[in-house]
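Listed here are the chains, written in short residue letters.
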Amino acid sequence: MKRVILIYLFLPLLILNAQEVLDKIVAVVDNEIITLSELDNETYFFAVQRNLDPSSSEVKKQVLNFKIEEKLLYAQAELDSIIVSDEEVEGRIEGQLAFFIQQYGSAERIEQAYGMSIDRIKREMREDTRKNLMVQMLRQKKFGDIDLTRSEVISFYESHKDSLPLIPEKFKISHIFINPKATDKVKEEAHQLARSLIDSVKAGADFGELAKKYSDDPGSKNNGGDLGFVKRGKFLAEFEAAAYALSPGELSDVVETAFGYHVIQLMERRGESIHARHILIKPKFDDEADLNAIQFLSDLRDSVLDETNTFEYYATKYSDDEESSKFGGDLGSFEVSQLDKDLTNIVFKLKEDQVSYPKRLDLENGSYGFHIVRLDKKIPEHKPDIEQDYDEIKRLVEYDKREHLYNDWIKELKEKIYWEIRL
């Protein structure tokens, strides 16, 4: 299934290849067209992901309607002069590519799978990414905030309570997360490597080739460390201060940020935007760093159990998860389907108010840490209750209201923007 999802995310590239032969136009919306190959591709992956029949005329009709709505929204975004900056587009593309690289294992595998270079992939993604961002901004502007009164929520509940689905079993959990701290020895080794790369560039080595070989930034290393044009305020403060202090062509000294050690070269400056490239060297965690993190969490767990202080106190003071630490480690309530396998295994073994032993936690960006987890409350499956489940019911009402407003708006757009189906 992961493979299917990844191909679906790269769908514009598959469509591009399909359109190299003569294609049929199946719909026109304002200045945009929808081709038969585009519709067939999207229908196939839409159906596969939902266990539907790709040859079903009803499925194809549904997908075509989705595509027409997308084009209508894009046309309205243009009418409303929704502007998406080049930096926002590049940032979204880099984020997507970083995710793809993590899933495929390397940029080279992506290039092999799609028969084109990363640079070409980025170029082909650019226009669709810009359009998607414009549509997202328009929808956020139109429906981002839905005002609801408590009486509306209660009225909805009273009218629909017999047909509302059961609230699934949930687990309310908190955690204390610790990032292993690289030892001084490991940090010094990383710093020395960054320093040696500066010396190599000054001695005539190619910066781009060194970035491809040594950089730990998956989003830029395969482009020779190229970060493109970026406006002031987008980089980390330490990185930005060093980069903006450079003249075009100049090389920085070693710059330390939360990500590691950077070697920066300024390529070009346009007003408040700069075009830079960098090589990132991350200190590699070693066994000693891992053991230190595990031991520290074990000590915190013991302190909670013997009531030296509360779990909330230690989470606020020590947790490296900045979002949850503000709330005493509170992560919220989750259904089983929302928990990954490792967290499910932890939670199922706990009783309320019990704290787990330290466990490894792998993060989406490829890094990791260790955490201890507390099961705050186990909430059995039950019929919706307006007091206990008010927030969930409110979300249902918001969704319902947003859908009605959206459908009414699409009808308005269809009346004022030209569109035609040619199937």
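Residues numbered from 1 in each chain as written. Predicted model: local features only at pLDDT ≥ 70, side-chain atom pairs only at ≥ 80, totals over all residues. Heavy atoms only, no water.

Draft legend 1. How the structure looks around the sheet that holds strand β11 (residues 419–421). With respect to topology, 3 strands assemble into an open sheet ordered β2-β1-β11, the strand pairing being antiparallel. Pairing within the sheet leaves two strands with one partner each, and these edge strands are β2 (32–35) and β11. Neighbouring strand axes in the sheet, compared pairwise and without regard to direction, differ in orientation by 20 degrees on average. Summarising the sheet, strand β1 (residues 25–29) and β11 pair through 3 bridges and their orientation is antiparallel. Bridged to Val28 within β11 is Glu420. Lying over the sheet, helix α3 (residues 36–49) contacts β1 and β2, oriented at roughly 60 degrees with respect to β2. (Pairing = 2+ DSSP bridges. Helix = DSSP H or I, 4+ residues; strand = E, 2+ residues; numbered from the N terminus. Axes fitted to C-alpha atoms, helices over the stretch in contact; angles between N-to-C directions. Contact = heavy atoms within 4.5 Å.)

Draft legend 2. Inspection of the environment of Arg126 at higher detail. Within the element layout of this structure, Arg126 appears in helix α7 (residues 118–143). In this structure, the C-alpha to C-alpha distance between Arg126 and Leu350, residues 224 residues apart in sequence, is 47 Å. Look past the residues within four positions of Arg126 in its chain and what remains in contact with it is Val89, Glu90 and Ile93.

Draft legend 3. Spatial organisation of the pattern of salt bridges. In this structure the tally under the stated criterion is 27 salt bridges. Among the ionic pairs, Lys172 bridges to Asp330, the shortest N-O distance being 3.5 Å. Within this pair, whereas Lys172 is found in strand β3 (residues 170–178), its partner Asp330 is found in strand β8 (residues 330–335), the two being separated by 158 residues in sequence. Overall, the relative accessible area of 27% leaves Lys172 in the partly exposed class. The residue Glu272 makes a salt bridge to Arg232 at a minimum N-O spacing of 2.6 Å. Taken together, the residues Glu272 in the loop between β6 (260–270) and β7 (273–281) and Arg232 in the loop between β4 (226–231) and α11 (237–244) connect sequence positions 40 residues apart. Several salt bridges share partner residues, and in doing so they unite Lys172, Glu312, Asp330, Arg374 and Asp376 into one network. (Salt bridge = Lys/Arg side-chain N within 4 Å of Asp/Glu carboxyl O. Buried < 20%, exposed > 50% of the residue type's maximum accessible area, 1.4 Å probe, protein only.)

Draft legend 4. Layout of the confidence of the model for the chain. Per-residue confidence for the chain gives a mean pLDDT of 88, with 94% of residues at or over 70. Of the regions scoring below 50 in pLDDT, residues 1–9 engages in 21 contacts with residues more than four places distant in sequence or in other chains. Here residues 14–21 is a poorly scored stretch, pLDDT under 50, and it has 15 contacts once near neighbours within four places are set aside; other chains count. (pLDDT = per-residue confidence, 0-100.)

Draft legend 5. Region of the structure containing the sheet that holds β6. Ordered in space as β4-β7-β6-β5, the 4 strands form an open sheet in which the pairing is antiparallel. The open sheet has two edge strands with one neighbour each: β4 and β5 (255–257). Within this sheet the neighbouring strands show an average axis-to-axis angle of 45 degrees, counted without direction. As defined by bridge partners, β5 adjoins β6 across 3 bridges and the pair is classed as antiparallel.

Draft legend 6. Examining the nonpolar core more closely. Counting residues in hydrophobic clusters, the biggest one holds 41 residues, and the most contacted among them are Leu73 and Ile110. Elements with a minimum of two residues in this core: β1, α3, α4 (57–79), α5 (86–104), α6 (107–114), α7 and α16 (390–416). Counting residues per element, this core draws most heavily on α4, which supplies 9 residues. Ignoring any residue separated from it by four or fewer positions in sequence, one finds Leu73 in contact with Val135, Leu138, Arg139, Tyr406, Trp409, Ile410 and Leu413. Formed by 14 residues, the second largest nonpolar core is a distinct cluster that contains Ala194, Leu210, Val263 and Ile281. (Core = buried A, V, L, I, M, F, W, Y, C linked by side-chain atoms within 4.5 Å.)

Draft legend 7. Up close: the side chain of Glu42. Inspection of the secondary structure assignment puts Glu42 in helix α3. Side chain to side chain, Glu42 and Lys67 meet in a polar contact 3.0 Å long. (Polar contact = N/O pair within 3.5 Å; in protein donor to acceptor, adjacent residues only side chain to side chain.)

Draft legend 8. Spotlight on α3. The end-to-end C-alpha distance of α3 is 20 Å, a good match for the 20 Å that 14 residues give at a rise of 1.5 Å each. For α3, the full list of buried residues reads Ser37, Glu38, Leu39, Asn41, Glu42, Thr43, Phe45, Phe46 and Ala47. Phi turns positive one or two residues past the end of α3, at Asn51, with a value near 55 degrees. (Expected span 1.5 Å × (residues − 1).)

Draft legend 9. Representation of the environment of Ile346 in the model. Here Ile346 is to be found in helix α15 (residues 341–348). Distance from Ile346 to Ile372, taken between C-alpha atoms, is 9.4 Å for residues 26 residues apart in sequence.

Draft legend 10. Inspection of the packing of α7 against α16 at higher detail. It is the contact of α7 with α16, at a shortest axis distance of 11 Å, that shows an interaxial angle of 115 degrees. Considering only the axes of α7 and α16, their crossing is right-handed. Residues Leu138, Arg139, Lys142 and Phe143 of α7 touch α16, and the partners they reach there are Arg402, Leu405, Tyr406 and Trp409. In terms of residue class, the contact of α7 with α16 is built from 5 nonpolar, no polar and 3 charged. (Left-handed = near helix turned anticlockwise from the far one by under 90°. Nonpolar A, V, L, I, M, F, W, Y, C, P; charged D, E, K, R; others polar.)

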